[in-house]
Amino acid sequence: MSSEATIEVEYEIRGDVSEARQRAESLAVEQSHEFPREYAPAKADRSLGRVSEIEQVSDGLVRAVIAFPEELTAYEFPQFLVVLMGNASLLPGIRLADFRIGESFARAIGGGPKLGIEGIRKIVDVKRKPLLATALKPVGLDTEDIVKDAYDCAIGGVDIIKDDQGLGNQTWSRFAERVPLVSDAIRKANDETGRHSVYLPCFNPPVGHVQEHLDILLKNHVGGCLAVPGISGFDIIPYLRDNTPDDFIIYGHPALLGGWTASSDHGIREDLLFGHLLRLLGADSIIFPSYGGRFTFSQEQCHRIADREKDSFVGLKRSLPSPGGGMTLDRIPELIKFYGNDTMFLIGGALHALGSLVDGARKFNEIAQSYE
């Protein structure tokens, strides 16, 4: 990694376009040495960001590209985030749209998924058809109820059975109690069916209990976990990837990240956040809200997210797109045609619509099988 290497970061700047150049130059300083240029010693130039491109896209919108020295990031992901959007997150009319990095930098800063699409397919032993994931809910059930639901999901053929992101360490279902019992139930179902359903507990402990909870996962040989980087911090994903077995699936959840994507003129563009950014960190599959459900992403936004999860990005393995949020079984043919086979559909409450989780899962697989 050369001391002269740079990363290029693209921002969308909204407002008076006559002021765009000045705002871009100020942003370059704000996100690098953060000091008035006229007072900065010459040595500080080695950390300074510089505007490399500026283009008016439409009325009131300018695209600016700023080149930052790689070394400004310290080759650590938290500092990389500071460079991308630290103080800029406090400025109105600024949205992080993209970044361009090299392969060696990508390996140093995140490294990407350990498994990705091909690895997940190998683990669940499904070669071509779309995959099915579900969440164990509603939150509030006792562990005994959760165990029964997990068993039924596996009997019906759900590929990935995860805890709901709201299922943590509540008194009615303690984490240390739930994980071994659900794991055993899914293993029992797999023995009966010959399938390979995988259990992913929700991993969202307070920071002081991270190792304790990780030890519980490892002791019970679970197939992976649901990571919630908006709550636990982005760095939890590479930490889990680097401290678990080679067949451990990391499933990224968007809780609390929606605040970054809710506005078209602030935050982080949704396809960058749920596509390249979480993929760079090491998420094997990434959940995002699908169009037509209870959230507000459009078809265009969803298409861009899914594309970025599995495009050819700096040599990283492809993440498995996992749209969810208010999906119904009758929409599955439409959604498969839209997203393609390399998709893991996250379906929750709708699996109960046919009267049982077993029947709901079997119905999905019956539909999906026709697209193999």
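Definitions and limits used
Residues numbered from 1 in each chain as written. Predicted model: local features only at pLDDT ≥ 70, side-chain atom pairs only at ≥ 80, totals over all residues. Heavy atoms only, no water. UniProt positions renumbered as here; feature names shortened; annotations may be inferred. Helix = DSSP H or I, 4+ residues; strand = E, 2+ residues; numbered from the N terminus. Buried < 20%, exposed > 50% of the residue type's maximum accessible area, 1.4 Å probe, protein only. Pairing = 2+ DSSP bridges.

S.K.: So, the UniProt feature "domain: Ribulose bisphosphate carboxylase large subunit C-terminal" (unreviewed entry) in the protein: which residues are in play, and what are the values?
M.R.: The UniProt record marks residues 116–352 with the feature "domain: Ribulose bisphosphate carboxylase large subunit C-terminal" (unreviewed entry), using the residue numbering of this structure. When the span residues 116–352 is considered, its composition is 42% helix and 16% strand, and the gap between its end C-alpha atoms is 29 Å.

S.K.: How would you sum up the pairing of strand 4 (residues 94–100)? Please name residues and give values.
M.R.: Strand 4 sits mainly inside the fold: 6 of its 7 residues count as buried. Where strand 1 (residues 6–14) and strand 4 come together, 6 bridges link them in antiparallel fashion. Bridge pairing links glutamate 8 to arginine 100 in strand 4. Pairing of strand 4 with strand 11 (residues 267–268) involves 2 bridges; the strand directions are parallel. Following the sheet pairing, arginine 95 is matched in strand 11 by glycine 267.

S.K.: How would you explain unusual backbone geometry if you had to name every residue and give the values?
M.R.: Cis peptide bonds are those with omega within 30 degrees of zero, and the linkage from lysine 137 to proline 138 qualifies with 15°. Residue position: proline 138 is located in the loop between strand 5 (131–136) and helix 5 (143–156). One non-glycine residue with positive phi stands out, namely histidine 221, at about 50°. Residue position: histidine 221 is located in the loop between helix 7 (210–219) and strand 9 (224–227). Look at histidine 221 and you get exposed, because its relative accessible area is 64%.

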